[in-house]
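Fold and geometry: a report
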Amino acid sequence: MKKNCPILLLLIGLVFSALANNTKPSIAILFDHHNKSAAFTAAEMKKDLQKAGYMVNTINNKVQIRLILALSSTIQSDSFSLPPAEPQSYSIRKKGNDWYILASENKGLIYGGLDIAEAIKLNGLNSITNIDKTPYLQKRGIKFNIPLDARTPSYTDNGDSGQKNIANMWDMNFWHEFLDEMARDHYNVLSLWSLQPYPSLVKVPEYPNASLNDVKKTTVHLLPTSDGIDMSTPTSLAHLVTLKKITIDQKIKFWQDVMQYADDRGIECYLFTWNIFIDGLENSGYGFTDKSTDPKTMDYMRKATRTLLQTYPLLKGIGITAGENLKVPETDKEKAMYDIYGQGINDALALEPNRKFVLIHRAHQTNITLVKSTFTGLNPNCELKFSYKYSVAQMYSSVAPKFIYDEKFLDKVGDSHFFLTVRDDSWYYLRGGSDPDFARAYIKNMPRNGNLQGFYMGPDGYTWGREYVSREPDAIHESVIKKRWYSFGLMGKLAYDPNLSNAHFEKEIKDRFPEVDAQKLYTAWAKASQIFPTVTRFHNQRLQNDFEWYPEACTSYYGFQTIEKFITRLPQAGEGLLSIPVYTDALLNNKPIEGTTPFQIAQNLQDEADQALKLTAGMHNIKNKELRQTIDDIRAIAYLGQYYARKIAGATNKYLSDKSTDEAKKARYRSDAIKDLRAASANWKTYAAQMDWLYVPEHLPRLHITIDFKAMLAEVDKEVTLLENNVHEPTTPTRPQHQMEFVFSEPSHYYFWHLQNMSMPLDWSAYKYVVVDMYSTTPQKFNFLLNTNTDTLAKKGITPAPNKWIKVAVPLAYFKQQIAAKRGNMTVPVLSDVKGMGIEMDKYVGYPIIQTRAFTLVNDIPEGAMVVN
């Protein structure tokens with residue numbers, strides 16, 4: 001070693017019980033004491049080696065094995081034959097009894113040290129050989145919608161997980177735990193996403209009143225939103241409580257420390273925004289608006305971008321979205337984005353001519369060619385990159401999604417570098433996504449055209465902070481990255497080295513859970529994790545977004561996914577799957593059947609579920625809490641797989657019955673369908689009981705409902721009842737505004753939706769009635785609510801006609817009178833600013849269901865409509 005390289009000897013050991021007179025050798029780790037990345041790596045290696053039982057000797061010259069962490073620039077150039085230096089790569093070389101972990105930079109040193117210690121722990125010292133490792137994907141990241149404050153919310157902070165995690169975002173212990181786990185799993189990018197984070201993160205000199213002290217949340221329930229609008233409202237701001245007393249200077253120091261801790265673990269930090277929001281600026285006194293034509297807002301955001309770079313020297317990049325709340329033509333969008341972020345970055349880099357920076361422009365809701373032409377003036381030290389929503393929101397569907405090719409993104413992006421946004425909105429409760437074969441194939445199928453940087457993975461409908469749904473929580477709630485340690489580890493480690501074998505991961509399970517047969521648990525976990533990709537590939541088209549399909553609960557923003565929807569929603573393109581209509585047509589008309597049939601899909605799901613249950617059948621009286629919870633999750637997924645198997649079979653038989661002209665076959669198919677749906681109902685009951693035993697209901701913001709698995713049995717049973725009674729839904733209206741179904745229960749007795757998500761005007765002042773096409777399973781009364789910019793209005797006590805489709809006409813005069821009475825002026829124009837509608841049941845028996853399929857505004861009552869008095 002070079003004499004000018006300070007090396008600290010860290011001696012590792014514990015008392016070891018010898019096996020068959022075999023004593024494990026003592027081991028020492030040598031590393032540069034001044035290198036924090038090496039210190040972190042050595043400490044992590046120590047944990048693994050201690051767990052493996054290696055002995056300790058407190059005198060360096062008596063240790064039998066030395067593991068030496070060293071940057072290749074600090075050793076004699078002729079000491080080893082090494083390949084050309086590459087970022088994040090490492091080499092292992094043996095010299096006498098010394099093993100050298102060599103890298104040209106700290107990231108490689110981290111991965112080399114972690115890998116060799118894990119290999120020794122899992123396979124013993126004799127498994128170590130001279131090797132050279134280079135990362136498969138350069139960037140392996142996490143997408144984290146970060147709930148900073150009620151005043152500066154992220155995209156879906158109105159869900160339970162977002163609200164409950166606000167305080168955790170300002171807890172350094174959380175970030176230490178999270179970033180340590182990221183490094184162990186070989187992730188090196190943390191992307192933090194927020195609608196408008198600047199007031200919580202920076203002090204802009206030109207706008208001293210635009211910063212926020214303290215951390216606050218609101219005590220009012222935020223109304224659901226699908227586009228970030230109304231995440232912060234006058235009502236929510238009027239009911240704030242302080243979670244943490246902290247000045248803006250202390251906030252800045254906090255995030256500087258987070259970024260330093262990340263950097264010491266080889267992790268780069270990026271900040272992403274949607275545009276344009278003014279959350280946190282409402283009470284600043286500057287009169288900001290959310291319009292790109294507002295010069296004050298544009299000036300503030302440009303200067304805030306400059307200040308962000310100046311404040312956080314370790315920030316590696318900014319990501320932007322030309323959408324959401326930026327409702328102007330594309331050319332104006334991109335000009336606004338450049339004027340804010342491009343010019344803000346240019347202002348900062350002009351003061352730091354040697355700094356390298358990245359601007360990532362998300363590819364949706366814009367034109368890539370236009371982006372490139374608009375950002376030509378970007379400082380050369382800032383590289384313009386792009387990102388693409390690779391699997392839209394359903395990562396756990398196809399291992400080779402075709403969207404990126406269908407939309408010709410690779411042609412459009414040309415020679416620009418790009419990231420893949422990998423959305424995991426399937427698993428909010430359960431420990432799924434734990435199949436190495438799926439993860440490996442998914443990674444290897446990513447387009448490798450030389451310009452792919454890597455990916456960042458994460459959800460929109462859930463916050464990957466700490467989890468608050470377990471019925472037996474830890475004293476400090478478990479972090480999601482620890483709860484799902486296996487699925488996170490699969491994606492991170494395989495993205496670094498996709499050649500890691502399945503045997504490696506089986507040994508990881510054995511090391512973590514020695515109480516059970518590791519091979520059985522490994523296989524059961526993988527089989528259960530195959531269920532969601534199987535069903536989501538089949539039930540797919542117009543369902544790839546998270547609000548369209550949530551497989552843990554067979555539901556969506558539009559309500560429960562019925563067998564009718566399983567019939568009409570087609571399989572994922574390019575997967576060789578036959579839809580129910582295509583299969584039915586072929587079977588009934590003696591056409592060739594080419595592809596995987598719905599019945600085969602159902603059988604595959606049944607097999608995956610049955611195998612998972614069979615393999616875990618003997619795993620009882622488990623002492624380890626985490627292992628017990630893992631087994632319970634695997635069983636829950638399997639029960640749900642059994643439900644989907646019978647549901648798909650039932651949907652197929654039902655459609656065969658509908659289309660068959662042979663009366664005997666029609667009757668047989670219908671009988672089979674009823675049997676399938678009854679079995680599906682029994683399976684759901686088992687699943688719901690398991691979920692209710694394990695987890696509490698949780699409000700999910702992208703679905704606008706609180707998930708109550710037991711209550712949803714009413715929707716499952718409704719399908720059986722409709723089929724048994726031969727009740728058909730009416731033909732879809734010519735102009736359906738909205739179609740949804742929801743069940744009422746204690747945690748979920750109110751449903752709200754924004755008009756911006758529907759094809760309805762916001763100005764209702766010229767109309768007399770709103771007409772709802774609806775079906776109710778009960779005559780129990782419900783309330784119909786309207787939300788305007790300033791009021792929540794209600795027509796209470798509407799009595800539906802049960803078990804049939806009807807039109808309910810609600811006079812808008814009720815709501816107009818309420819507003820006029822509140823304002824004390826009957827001549828004031830009213831209902832010109834309707835934002836949304838809601839249906840509520842504050843008193844009910846059982847689990848009533850209301851299904852809606854159209855909303856219309858009229859002046860004349862439709863024929864046959866029930867007028868609310």
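Since the structure is predicted, the reported quantities are computational estimates derived from the model, not experimental observations.

Here is what the cut-offs are and how they apply
- Residues numbered from 1 in each chain as written.
- Predicted model: local features only at pLDDT ≥ 70, side-chain atom pairs only at ≥ 80, totals over all residues.
- Heavy atoms only, no water.
- Helix = DSSP H or I, 4+ residues; strand = E, 2+ residues; numbered from the N terminus.
- Rg over C-alpha atoms; globule rule 2.2 N^0.38 Å.
- Buried < 20%, exposed > 50% of the residue type's maximum accessible area, 1.4 Å probe, protein only.
- Contact = heavy atoms within 4.5 Å.
- Areas by Shrake-Rupley, 256 points an atom, 1.4 Å probe, with all protein chains shown as cover.
- Lys, Arg positive; Asp, Glu negative; His and termini not counted.
- Charge placed at Lys NZ, Arg CZ, Asp CG, Glu CD.
- Phe/Tyr/Trp six-rings, centres within 6.5 Å; stacked < 30°, edge-to-face > 60°.
- Lys NZ or Arg CZ within 6 Å of the ring centre and 35° of its normal.
- Salt bridge = Lys/Arg side-chain N within 4 Å of Asp/Glu carboxyl O.
- Pairing = 2+ DSSP bridges.
- Axes fitted to C-alpha atoms, helices over the stretch in contact; angles between N-to-C directions.
- Polar contact = N/O pair within 3.5 Å; in protein donor to acceptor, adjacent residues only side chain to side chain.

This paragraph deals with the overall build of the chain. Counting its regular elements, the chain contains 25 helices and 27 strands. A compact globule built from 869 residues would reach a C-alpha radius of gyration of about 29 Å, and the chain, at 29 Å, matches this within 12%. Scored against the burial criterion, the 869 residues of the chain give a buried share of 61%. Counted over contacts in the chain with a minimum sequence separation of 6, partners at least 24 positions apart contribute 79%. Looking at the chain as shown, the accessible area adds up to about 33,200 Å², and 50% of this sits on carbon and sulfur atoms. Between the centroid of the 100 positive side chains of the chain and the centroid of its 95 negative side chains there is a distance of 2 Å.

We now examine the packing of aromatic side chains. Applying the stated rule across the entire model yields 57 aromatic pairs. Where Y557 meets Y558, the ring centres are 5.1 Å apart and the plane angle is 85 degrees; that geometry is what we call edge-to-face. Here Y558 falls in the partly exposed class, since its relative accessible area comes to 27%. An aromatic cluster of three or more residues is present, and its members are Y429, W549, F566, Y643, Y644, W684, Y687, Y695 and F709. For the cation-ring pair, R265 lies above Y261, with the distance from its terminal atom to the ring centre recorded as 3.5 Å.

The full count for this structure, using the stated rule, is 52 salt bridges. For D511, the salt bridge goes to K121, with nearest N and O atoms at 3.1 Å. Highlighted residues: D511 in helix α16 (residues 502-512) and K121 in helix α2 (residues 106-123), separated in sequence by 390 residues. Among the residues examined, K121 registers a relative accessible area of 19% and is labelled buried.

Moving on: the sheet that holds strand β22 (residues 782-788). Across the sheet, four strands lie side by side as β20-β25-β22-β23; this open sheet has antiparallel pairing. The open sheet has two free edges, formed respectively by β20 (750-754) and β23 (792-798), since each of these has just one partner strand. Geometrically, the sheet is characterised by an average inter-axis angle of 15 degrees between neighbouring strands, direction not taken into account. Sheet topology note: the β22/strand β25 (residues 834-840) ladder contains six bridges and is antiparallel. Bridge pairing in β25 places N787 opposite G836. Helix-sheet contacts for helix α25 (residues 813-823) involve β22 and β23, and the interaxial angle to β23 is about 135 degrees.

Turning our eyes to something else, we now look at the side chain of N783. Looking at the element boundaries, N783 is found in strand β22. Among the polar contacts made by the side chain of N783, one reaches the side chain of D842 at a distance of 3.4 Å. If near-sequence neighbours (up to four positions away) are discounted, N783 is found in contact with K795, K796, G797, G838, I839, E840 and D842.

What follows deals with the side chain of T152. Relative to the helices and strands, T152 is located in the loop between β7 (139-145) and α3 (160-164). Only 2.7 Å separates the side chain of T152 from the side chain of S200, close enough to count as a polar contact. Once residues within four sequence positions are removed from consideration, T152 is found in contact with S194, Q196, P199, S200, L212, D279 and G280.

Spatial strand order, β7-β8-β11-β12-β13-β14-β15-β16: eight strands in a closed barrel with parallel pairing. On average, adjacent strands in this sheet sit at an angle of 25 degrees to one another, irrespective of strand direction. When strand β14 (residues 382-389) meets strand β15 (residues 418-423), the two strands line up parallel, connected through four bridges. What sits directly across from F386, in β15, is F418.

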